[in-house]
Amino acid sequence: MTEYRRILLDGFPVQVVRHGDELRASDGRTVGVDEAVHLPPSEPTKIIAVHLNYPSRSDEFMTKLPPAPTYFHKPITALNSHKGAVVRPAGCQWLNYEGEIVIVIGRTCRNVSPAEAGDYIAGYSVGNDYGLHDFRDTDAGSMLRVKGSDTLAPVGPGLVTDWDFSGKTIRTLVNGAVVQEDSTDTMEWDMHYLVADLARTITLVPGDMIYSGTPANSRPVQPGDVVEVEVDGLGRLTNHIVEGPEPIRTDVGAQPTSSEEVVSTALGGDWEFRGIRTPSNDLYPSRLEK
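About the criteria used
Residues numbered from 1 in each chain as written. Predicted model: local features only at pLDDT ≥ 70, side-chain atom pairs only at ≥ 80, totals over all residues. Heavy atoms only, no water. Helix = DSSP H or I, 4+ residues; strand = E, 2+ residues; numbered from the N terminus. Rg over C-alpha atoms; globule rule 2.2 N^0.38 Å. Buried < 20%, exposed > 50% of the residue type's maximum accessible area, 1.4 Å probe, protein only. Pairing = 2+ DSSP bridges. Axes fitted to C-alpha atoms, helices over the stretch in contact; angles between N-to-C directions. UniProt positions renumbered as here; feature names shortened; annotations may be inferred. 1 Å grid on protein atoms, 1.4 Å probe; cavity = no way out; pocket = protein on both sides within 12 Å on 5 of 7 lines; lining within 4 Å. Points joined across faces, edges and corners; volume = space filled by probe spheres on them. Nonpolar A, V, L, I, M, F, W, Y, C, P; charged D, E, K, R; others polar. Contact = heavy atoms within 4.5 Å. Core = buried A, V, L, I, M, F, W, Y, C linked by side-chain atoms within 4.5 Å. Polar contact = N/O pair within 3.5 Å; in protein donor to acceptor, adjacent residues only side chain to side chain. Salt bridge = Lys/Arg side-chain N within 4 Å of Asp/Glu carboxyl O.

An unreviewed UniProt entry lists the protein chain under the name Fumarylacetoacetate hydrolase family protein, from Microcella humidisoli.

Trainee: Is there a simple way to think about the overall build of the protein chain in this case?
Mentor: Tallying secondary structure elements over the protein chain gives six helices and 19 strands in all. Computed over the C-alpha atoms, the radius of gyration of the protein chain is 19 Å, within 12% of the 19 Å expected from 2.2 N^0.38 for a compact globule of 290 residues. With the C-alpha coordinates of the protein chain rotated into their principal frame, the extents come out at 70 × 45 × 35 Å. Among the 290 residues that make up the protein chain, the fraction classed as buried is 52%.

Trainee: What should I look at first to understand the sheet that holds strand β16 (residues 177-183) in this one?
Mentor: Hydrogen bonds between backbone atoms are what pair the strands of a sheet, whose relative direction is either parallel or antiparallel. Ordered in space as β9-β19-β18-β15-β16, the five strands form an open sheet in which the pairing is mixed. One side of each edge strand has no neighbouring strand; the edge strands of this open sheet are β9 (85-90) and β16. Within the sheet, the average angular offset between the axes of one strand and its neighbour, ignoring direction, is 20 degrees. Where strand β15 (residues 169-174) meets β16, six bridges bridge the pair, whose relative direction is antiparallel. Pairing of L173 across the sheet is with V178, part of β16.

Trainee: Honestly, the UniProt feature "domain: Fumarylacetoacetase-like C-terminal" (unreviewed entry) in the protein chain in this entry has me stumped. Any pointers?
Mentor: Feature annotation in UniProt places "domain: Fumarylacetoacetase-like C-terminal" (unreviewed entry) on residues 46-242, given in this structure's numbering. Between the end C-alpha atoms of residues 46-242 there is a gap of 25 Å, over a span that is 14% helix and 38% strand.

Trainee: Whenever I open this one, the layout of surface pockets confuses me. Can you help?
Mentor: Where empty space is left becomes clear once a probe the size of a water molecule has been rolled over the atoms. There is about 460 Å³ of room inside the largest pocket. If you go around the largest pocket, you meet 25 residues; those closest to its centre are L52, R57, F61, R136 and T265. Mapped onto the lining of the largest pocket, the elements with two or more residues apiece are α1 (55-60) and α6 (260-267). Residues belonging to the lining of the largest pocket are distributed by class as follows: seven nonpolar, nine polar and nine charged. Put simply, the second largest pocket is a space of about 150 Å³. Forming the walls of the second largest pocket are P89, L132, F135, R145, S149, I248, V252 and A254. Residues of the lining of the second largest pocket, tallied by class, amount to six nonpolar, one polar and one charged.

Trainee: Hey, could you run me through the environment of F72 in this one?
Mentor: Among the secondary structure elements, F72 is positioned in strand β7 (residues 71-74). Between the alpha carbons of F72 and L52 there is a distance of 11 Å; along the sequence they are 20 residues apart. For F72, the contacting residues outside a window of four places in its chain are I47, I48, A49, V50, H51, D129, S142, M143 and K147.

Trainee: Where do I start with the nonpolar core in this structure?
Mentor: What tends to happen in soluble globular proteins is that the nonpolar side chains get buried as a cluster. Counting 31 residues, the largest nonpolar core has I101, I103, Y124, W163, V195, L204 and L234 as the members making the most contacts within it. For this core, the secondary-structure elements that each account for two or more residues are β6 (47-50), β11 (99-105), β12 (121-128), α5 (191-198) and β18 (226-231). Residue contributions to this core peak at five residues, all from α5. Every residue in contact with V195, bar those within four places of it in the chain, is listed here: I103, I105, C109, A117, I121, L204 and I210.

Trainee: What is the right way to read α5 from this model?
Mentor: Residue pairs spaced three or four apart in an α-helix point in one direction, given the helix's 3.6 residues per turn. In terms of burial, α5 is largely enclosed, as six of its eight residues are buried. Burial in α5 covers these residues: M191, L194, V195, A196, D197 and L198. Of the surrounding secondary structure, the elements contacted by the buried residues of α5 are β6, β7, β11, α2 (114-117), β12 and β17 (209-211). Where α5 begins, one side-chain oxygen reaches toward the backbone nitrogen of H192, 3.1 Å away; that side chain belongs to D190.

Trainee: Sorry if this is basic, but what is going on with the pattern of salt bridges here?
Mentor: On inspection of all chains with the given rule, the structure shows 24 salt bridges. The residue D10 makes a salt bridge to R29 at a minimum N-O spacing of 2.8 Å. Taken together, the residues span a long stretch of sequence, with D10 in the loop between β1 (3-9) and β2 (12-19) and R29 in the loop between β3 (22-25) and β4 (30-32) at a distance of 19 residues. By relative accessible area, which is 60% here, D10 ends up exposed. Between R57 and E60 there is a salt bridge whose closest N-O contact spans 3.5 Å. Of the two residues, R57 and E60 both sit in helix α1, three residues apart, roughly one turn of that helix. Taking the relative accessible area as the measure of exposure, E60 reaches 11% and is therefore buried. In this structure, a network of salt bridges that share partners links the residues R57, E60, K74, E98, D129, K147, R219 and D270.

Right under this line is the structure:
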């Protein structure tokens, strides 16, 4: 396996190779791993994420995995890096972590089988699919602002080639405490399946990223929290939460909410009514008489 990273070196983006605690550029320049200013490990044209893939996550919500994967899109402007700040906009309170493994495409890929898909993968990285659930009432279908707001797609610290995704542990830590932990062996659809499924109708090009799903126990985090996601063989992605200096504008668009739909999703298995009643959507109440 080889680990590549993209960093700022003397003010320019440079790809480097990790050698122990040192990052080395092709021209011989070096920098310590801890001193480097990291960039995302690739420059994608698109970032795609799968909704549900771990049974522990669907069990937590007392639901079933769908018969086939379903996806949503994160704009490239949401892309963030190792050690980058994740911004929770002022006026919002339901920002959740979701530790994940990220697939990075290495060759133009279209209409391939799962058996062929590995040949089109450059490598793998660690991601955190943050969700700003304050906007779930309006964007639940597209997840656009929920998952696509600025800074909510950190990926890193590097890209590891020739990594075997079977039997690996993924865990998320908040302020040093483990909050998520699962094995890739429990995933319903593996990395090759996801690539082949998407490539049936969408051309994937070098650098594109696919978030492969999160285990149970996604929960809200607060400004000041340090969130880490670590995966066997891929390293540890570290980010910190900050509050945005500007509040969400009130003169346009839907505003952040704390409906049952929002709170039940953000709190997962900790929602006090989980298993007692189905979340309602306060913004769009039913027209049927109860």
